[in-house]
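A closer look at the structure
If you want the building blocks of each chain, they are given just below.
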Amino acid sequence: MKNRQHPVPFLYSWLQHFLKPTSSTVKSQYSRSPELGFALPLALGLGFVMVVLGLSTMMIAQSDRISAFNRKQAGASLAIAEGGMARSLAQLTAPNNAVLLNRNYDTINPKTGKTYLGPDGIFNSGDEEASAIDEWLGYDPSSAPCHQQKAWGSPNFALTGAMGTTGSYTVRAYRFNPQQRKGTLFVEASKDGKTTGVHITIAVQPDLDDFPGLLLHDPNADDSRDVGVLALRGRQILGSKGNIYYYPNGSTDPSLTASSAPGDVDRAAYLNAVFSSAGSDGATGDTVSGTLFACLLTPIIPNGIQGSDLGTITTSQTLNGVGNAPTFYQIEQIDLTGTDVLTVDTTNGPVVLNFVEDSAPGQSIRLRNSAKILNIRTDGQPPRVGDLRMHLRGGEDTVLLYDQTCIQSAFIWSFWDEVQLLTSGPGCPSGQNTNIEGVVWAEGLFSAKNAPSNRDINFLDRVGEPFDTVIIPSTTSGIAVPEDVSSLIDMLKYVDYPVRYRFGGVLQWQRVRL
């Protein structure tokens, strides 16, 4: 059995030395009693041992007390961080603050000199940025016409707050991931000099019931030209997301500035405002599935990567998406006839077609006969409308569709010009009564007349345009907006559409020591 070490080796050695009889003591023991002179050193030694043991006990107790105090203080700061998180989430349930849930806010961490989270919402993952990201402060869409219809007011979100006499919290970062539809919020708290934080990831879902499936905007809303015009003339707008946002000043009745759903008592007045009445435009009944919103939305979509230059496309070909990030292509013009098909395969990733100044001004996209632009997938999954995007940014970006042509499963954004439906019947392979299946945001959308006596549009004071001179009686083929538009929620931050975001369950909770 191993020898056990004395619990107080120094004291044991000292006592052995102190109590060891000296030569004089030995002499005295032979001349006197053997016990004489031994009791006092023993008592002193034992007393000293007791004192040292007492001091050791006091030191251990003090250390435990300090540790307990530190744990208590850390627990207090954690409780404040959790309380600050609860307050922040409560603020984001209000409609005027919920508009912030699809925007980013990320301040600088003084310990690293970079943002706390970065785009992926994860601490210290390497994607943190050197400059703070602030899409919250100063953002106030309450004056936008469509927001005024909702009467939500300005965002009023408190980034800091106090708890008790010495506790406080601060929101340091929030990151939104539109693809994964989740938001990450980080709150830091301080209590009597102790700092900690709480980092949570929450599910974020937008309320897309009023999504702008068809949006007619005015890039120069302060001028006197009647842009942002919609002239349906009885064309169908299908789907529950087939909501229309148009510019009241570009309609036949600028006094209408609210909204009208199918069956509302004022529906006929709104249909008349968008050139889709029975008497003046040859329409036969209400052909719009969604709500008509008489308010101006203005998409401001930033320039992205232009991509490989394909020039003008005049024959059938296939473009492929590669990887999770979009694949970009630069195009001057698409001009297809006969049975030509531009196939865009988005199985392996989304595709963006950027239209630049074209070689035939006024016709960025022209489809005749039964030509088509199709978004397909080969993995058995349905193509998503947000995976094929057509961004028309040039000076003349008209989309002209004739005969039985089709653009399917695409997002079309024309900054300056319009989409013209000069078709004589449906052309999409889905079998619906459509020439476009997707989402269209453009300066205008015009249909051909049903009869010579129908109203002219007088768009930009131009006369003799095809949409006023081409007569195609009884044609109703139009646009079908897909039910699932979630692949476009990243675009909602670029348009002042009053979407309300709601957060659901907590996907991840983490305490952060700072």
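Quick caveat: nothing in here was measured; it's all calculated off a predicted structure. (Residues numbered from 1 in each chain as written. Predicted model: local features only at pLDDT ≥ 70, side-chain atom pairs only at ≥ 80, totals over all residues. Heavy atoms only, no water.)

**With respect to the overall build of the protein chain**
Our working definition: The helix count covers DSSP runs of H or I at least four residues long, the strand count covers runs of E at least two residues long, and both are numbered beginning at the N terminus. Relative accessibility under 20% of the residue-type maximum defines a buried residue, over 50% an exposed one, and the middle range a partly exposed one, all with a 1.4 Å probe and only protein chains included. All accessible-area figures derive from a Shrake-Rupley calculation using a 1.4 Å probe, and residue coverage is judged against the displayed protein chains alone.
Of the regular secondary structure elements, the protein chain holds eight helices and 29 strands. Every one of the 514 residues in the protein chain was classed for burial, and the buried ones make up 48%. Taken as a whole, the protein chain presents about 23,600 Å² of accessible surface, with 54% of it coming from carbon and sulfur.

**Quick look at unusual backbone geometry**
Backbone geometry places R181, a non-glycine residue, at a positive phi of 55 degrees. Tracing the backbone through its elements, the reader meets R181 in the loop between strand 6 (167-177) and strand 7 (182-191). Unusually for a residue other than glycine, R233 sits at a positive phi of about 50 degrees.

**Some words on the nonpolar core**
In plain terms, the rule: Side-chain atoms within 4.5 Å are what join buried Ala, Val, Leu, Ile, Met, Phe, Trp, Tyr and Cys residues into a set we call a nonpolar core. By definition, residues are in contact when any of their heavy atoms lie within 4.5 Å.
Ranked by size, the top nonpolar core spans 94 residues in total, and within it I244, Y246, I334, L353, M390 and I407 carry the most contacts. Ignoring anything within four residues of it in the chain, the contact list for I244 reads L214, L216, L230, L232, I237, V288, T291, L292 and F293. By size, the runner-up hydrophobic cluster in this structure holds 13 residues, among which are F275, Y402, I457 and F467.

**A look at the environment of Y329**
Inclusion rule: What qualifies as a polar contact is a pair of N or O atoms within 3.5 Å, subject to a donor-acceptor requirement within protein and to the restriction that residues adjacent in sequence count only when both atoms come from side chains.
With respect to the secondary-structure elements, Y329 resides in strand 17 (residues 327-336). For Y329, a relative accessible area of 12% puts it in the buried group. A sequence separation of 24 residues divides Y329 from L353, and the C-alpha atoms of the two residues are 5.0 Å apart. Dropping the residues within four chain positions of it, Y329 is found in contact with Q306, G307, S308, L310, L319, N320, V351, V352, L353 and N354. Within the structure, the side chain of Y329 is placed 2.9 Å from the backbone oxygen of N320, a separation counted as a polar contact.

**A look at the confidence of the model for the protein chain**
Formally: What pLDDT reports is the predictor's confidence in each residue, on a scale of 0 through 100.
Residues at a pLDDT of 70 or more form 82% of the protein chain, whose mean pLDDT is 86. Segment residues 25-31 is flagged for pLDDT under 50; beyond a separation of four residues in sequence, or across chains, it makes two contacts in the model. Per-residue pLDDT stays below 50 along residues 64-74; that stretch engages in six contacts with residues further than four places along the chain or on separate chains.

**Description of the state of the cysteines**
For clarity, the threshold we go by: By convention in this document, the label disulfide applies to cysteine sulfur atom pairs within 2.5 Å.
Per the stated rule, a full pass over the model turns up two disulfides. Between the sulfur atoms of C146 and its disulfide mate C295 the distance is 2.0 Å. Because the sign of the S-S torsion sets the handedness, a value of about 100 degrees for the bond joining C146 and C295 places this disulfide among the right-handed ones. Linking C146 in helix 5 (residues 145-150) with C295 in the loop between strand 14 (292-294) and strand 15 (308-313), this pair joins segments that are 149 residues apart in sequence. Relative accessible area serves as the criterion here: at 1%, C146 is assigned to the buried category.

**Remarks on the environment of R455**
Here R455 is to be found in the loop between strand 27 (444-447) and helix 8 (466-469). For R455, a relative accessible area of 22% translates into the label partly exposed. Put simply, R455 and R233 are 222 residues apart on the chain and 9.4 Å apart in space, counted from C-alpha to C-alpha. Engagement of the side chain of R455 in a polar contact is seen with the backbone oxygen of N272, the distance being 3.1 Å. A polar contact of 2.6 Å, which involves the side chain of R455, links it to the side chain of D281.

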